[in-house]
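Below, each chain spelled out in residue letters.
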Amino acid sequence: MSIVAPKERKHLSADALFHLVRNGFANIPDSRGEDVDISLTDALMSAFAMFSLKAPSLLAFDKERAEGNLHTIYGIARVPCDTYMREILDPVSPKGLRPVFKSVFRQLQRGKALEPMAFLDGHYLLALDGTEYFSSTTIHCASCLQKVHRNGSVTYFHQMLGAAIIHPDRREVIPLMPEPIVRHDGTDKNDCERNAAKRFVSKLRQDHPHLQFIVTEDSLSSNAPHIETLQHHGLHYILGVKEGDHAFLFQQVQAAEHAGRVAYYERHDRAAGVSHRFRFVNDVPLNASHVDIRVNFIEYWEIGATKVQHFSWVTDLRVNKRNVFHLMRGGRARWKIENETFNTLKNQGYNFEHNYGHGEQHLSVMFAMLMMLAFLIDQTQQLCCALFRAVWTKLGSKRLLWERMRALFYDYALKSMRQLLETLLYGWQKLQPLLAVDSS
Ligand SMILES: [Zn+2]
């Protein structure tokens with residue numbers, strides 16, 4: 001009996017996207033000039049391959065370079081050794097990666113892969129959140145943020161503002177290019193998440209002027225200047241609020257309740273054994289000093305047999321009994337930026353917090369961005385590639401999937417990622433050992 005390989009959307013296959021990424025890298029100018037033995041494109045693609053293969057360290061990647069497959073699958077002509085890769089990439093500004101993220105996103109749009117991610121009337125839910133991925137008292141670079149302690153010692157660290165399109169019903173997330181939170185040239189002031197968010201949304205609008213978004217963030221972002229920034233860029237929002245941090249708002253809600261302006265809604269889910277209880281009010285001021293910023297407020301309790309969970313949000317979307325449940329699901333989906341994005345990068349084989357090399361200028365930031373790019377390609381596979389999903393289901397876990405992929409990659413000569421995935425799904429009898437074709 002012959003087995004038919006699951007169909008895939010050709011332009012969204014790993015092989016097509018690796019090609020696209022490589023072409024994008026080729027547009028990044030190499031400040032070293034023309035006379036170089038290993039091109040910047042090869043160095044970038046090698047670092048990308050390291051994250052795509054989930055190599056546990058740069059040294060491990062260097063030791064098992066398997067150049068034949070790096071050439072056929074990732075299109076790399078020459079792979080730099082570990083120290084040389086760091087040397088080539090350190091001076092390169094990560095800004096050059098923006099068009100690469102954008103071109104992958106365009107492919108997703110063209111392939112209609114984003115459609116199932118639409119949340120409300122063609123709007124996408126975009127979760128933003130800051131995360132720290134490096135901290136040290138000794139290793140540091142020109143981009144490091146610094147915290148000077150009372151005893152004079154310094155902690156150096158790196159953060160980024162992550163962004164991903166999420167959907168309450170989907171496990172996959174579509175990360176956009178993160179905004180690094182770094183010290184900028186010629187200043188000794190730390191950057192902060194709020195400034196990074198400002199830069200992020202203005203670049204988001206440059207890259208995607210017509211896409212409609214509902215931004216969702218935690219309660220730290222529910223402040224007037226940030227809401228003004230979102231409004232200025234035509235972005236809707238569902239932002240967390242807390243009674244402790246937004247006392248004025250909660251007092252206004254209380255006053256509205258006394259005045260009979262607050263609406264209530266309740267829904268029972270018998271199968272899950274939970275009740276969903278809401279109170280909401282439209283058009284209340286966010287805080288005393290910015291009474292011109294009016295928001296719509298939702299408070300929500302999920303009441304189970306043994307525990308009660310409580311959340312509250314503000315949104316610019318008008319709330320009514322028909323949409324309040326859906327808006328709540330959007331607000332709660334925010335955790336996917338932490339759980340399905342940052343925690344996946346930290347714990348599912350990507351080694352987000354591992355130091356692949358710090359450099360003196362941009363290397364640490366560049367590696368973090370390339371890892372996010374590799375994650376974007378993987379999420380695209382998970383969203384669009386039936387073959388990838390079949391292999392994942394067969395092996396049962398991402399960790400095992402990455403392990404098997406690496407083992408095959410290092411030991412056998414392969415023509416494509418598709419061949420590698422098919423081999424994992426159907427068996428490997430026909431493959432040749434890598435040494436049989438390795439010309440080194
Ligand atoms: Zn640094």
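Notes on the structure follow. (Residues numbered from 1 in each chain as written. Predicted model: local features only at pLDDT ≥ 70, side-chain atom pairs only at ≥ 80, totals over all residues. Heavy atoms only, no water.)

A look at the pattern of salt bridges
Next, step 1: The final tally for this structure, using the stated rule, is 19 salt bridges.
Next, step 2: The partner of Arg199 in a salt bridge is Glu179, with the nearest N and O atoms 2.7 Å apart. Within this pair, whereas Arg199 is found in helix H7 (residues 193-207), its partner Glu179 is found in strand S6 (residues 179-181), the two being separated by 20 residues in sequence.
Next, step 3: Given the relative accessible area of 21%, Arg199 is considered partly exposed.
Next, step 4: Three or more residues are tied together by salt bridges with common partners; here these are Arg98, Glu179, Asp191, Arg199, Lys203 and Asp207. (Salt bridge = Lys/Arg side-chain N within 4 Å of Asp/Glu carboxyl O. Helix = DSSP H or I, 4+ residues; strand = E, 2+ residues; numbered from the N terminus. Buried < 20%, exposed > 50% of the residue type's maximum accessible area, 1.4 Å probe, protein only.)

Some remarks on the environment of Leu421
Next, step 1: Residue position: Leu421 is located in helix H15 (residues 417-426).
Next, step 2: Measuring from C-alpha to C-alpha, the distance between Leu421 and Arg389 comes to 9.8 Å, with 32 residues separating the pair along the chain.

So, the side chain of Glu302
Next, step 1: Looking at the element boundaries, Glu302 is found in strand S11 (residues 290-303).
Next, step 2: Glu302 sits in the buried class, given a relative accessible area of 17%.
Next, step 3: Separated by 2.7 Å, the side chains of Glu302 and Arg332 make a polar contact.
Next, step 4: Excluding residues within four positions of it along the chain, Glu302 makes contact with Val274, Ser275, His276, Lys307, Val308, Gln309 and Arg332. (Polar contact = N/O pair within 3.5 Å; in protein donor to acceptor, adjacent residues only side chain to side chain. Contact = heavy atoms within 4.5 Å.)

Considering the packing of helix H1 (residues 14-26) against helix H12 (residues 363-384)
Between two packed helices, what matters for the description is the angle formed by their axes and the separation of those axes.
Next, step 1: Running from amino to carboxyl end, H1 crosses H12 at an angle of 150°, the nearest separation of the two axes being 10 Å. Of the possible angle classes, the one that applies to H1 and H12 is roughly antiparallel. The hand of the H1/H12 crossing is right-handed. Here Ala14, Leu17, Phe18, Val21 and Phe25 of H1 come into contact with H12, specifically with Leu370, Leu373, Ile377, Thr380 and Gln381.
Next, step 2: Considering only residue class, the contact of H1 with H12 consists of 8 nonpolar, 2 polar and no charged. (Axes fitted to C-alpha atoms, helices over the stretch in contact; angles between N-to-C directions. Parallel < 35°, antiparallel > 145°, perpendicular 65-115°, else oblique. Left-handed = near helix turned anticlockwise from the far one by under 90°. Nonpolar A, V, L, I, M, F, W, Y, C, P; charged D, E, K, R; others polar.)

A few points about the coordination of the zinc ion
Next, step 1: Coordination of the zinc ion by the protein involves Cys141 (SG), Cys144 (SG), His158 (NE2) and His358 (NE2), with metal-donor separations of 2.1 to 2.2 Å.
Next, step 2: Coordination geometry of the zinc ion: the 4 donor atoms subtend angles of 103 to 128° at the metal centre, consistent with an arrangement described as tetrahedral.
Next, step 3: Binding-site remark: the zinc ion is held by donors from one chain whose sequence spacing is C-x2-C-x13-H-x199-H. Of this pair, Cys144 sits in the loop between strand S2 (123-136) and strand S3 (145-148) while His358 sits in the loop between helix H11 (335-347) and H12, and the two are 214 residues apart along the sequence. Residues Cys144 and His358 agree in their burial class; the two are buried. (Donors = N, O, S within 2.8 Å, 3.2 Å for Na, K, Ca; no water. Tetrahedral: all angles 85-135°; square planar, octahedral: opposite > 155°, others 65-115°.)

Regarding the packing of aromatic side chains
Next, step 1: With the rule as written, the count across this model stands at 19 aromatic pairs.
Next, step 2: The interplanar angle of 75° and the centroid separation of 5.8 Å between the aromatic rings of Phe51 and Phe367 together place this pair among those described as edge-to-face. On the criterion of sequence distance, the pair formed by Phe51 in helix H2 (residues 40-52) and Phe367 in helix H12 is long-range, its members being 316 residues apart. Here Phe51 and Phe367 have matching classes, each one buried.
Next, step 3: Taken together, the ring pairs connect Phe18, Phe25, Phe48, Tyr74, Phe409 and Tyr410 into an aromatic cluster.
Next, step 4: Here the basic side chain of Lys54 rests over the ring of Trp402, its NZ or CZ set 3.8 Å away from the ring centre.
Next, step 5: Lying across the ring of Trp392, Lys398 places its NZ or CZ 4.4 Å from the centre. (Phe/Tyr/Trp six-rings, centres within 6.5 Å; stacked < 30°, edge-to-face > 60°. Lys NZ or Arg CZ within 6 Å of the ring centre and 35° of its normal.)

A look at the nonpolar core
Next, step 1: If you look at the biggest cluster of nonpolar residues, it comprises 150 residues, and the most contacted ones within it are Phe25, Phe48, Phe61, Tyr74, Leu126 and Phe367.
Next, step 2: In terms of residue count, the dominant contributor to this core is H12 (16 residues).
Next, step 3: If sequence neighbours within four positions are ignored, Phe48 has contacts with Phe18, Val21, Phe25, Tyr74, Leu370, Leu373, Ala374 and Ile377. (Core = buried A, V, L, I, M, F, W, Y, C linked by side-chain atoms within 4.5 Å.)

Looking at the packing of helix H14 (residues 398-411) against H15
Next, step 1: The interhelical angle for the contact between H14 and H15, taken along N-to-C directions, is 115°, at an axis separation of 10 Å. The two elements H14 and H15 meet at a crossing, and its hand is right-handed. In contact with Leu401, Arg404, Met405, Leu408 and Phe409 of H14, H15 contributes Met417, Leu420, Thr423 and Leu424.
Next, step 2: Here the contact of H14 with H15 is built from residues that sort into 7 nonpolar, 1 polar and 1 charged.

Examining H11
Next, step 1: What H11 keeps buried is the set Lys336, Ile337, Glu340, Thr341, Phe342, Thr344 and Leu345. One side of H11 carries all its buried residues, which in axial view fall inside an arc of 160°.
Next, step 2: Looking at the buried residues of H11, the elements they touch are S2, strand S4 (154-167), strand S5 (170-175) and H12.
Next, step 3: A positive phi of about 100° marks Gly349, the residue just after H11. (Arc of directions from axis to C-beta.)

Topic: the environment of Gly111
Next, step 1: By the element assignment, Gly111 lies in the loop between helix H6 (98-110) and strand S1 (118-120).
Next, step 2: When the C-alpha positions of Gly111 and Lys10 are compared, they lie 9.2 Å apart, and in sequence the two are 101 residues distant.
Next, step 3: In contact with Gly111, other than residues within four places in its own chain, are Arg9 and Leu12.

Functional significance is not addressed by these values, which are geometric in nature.
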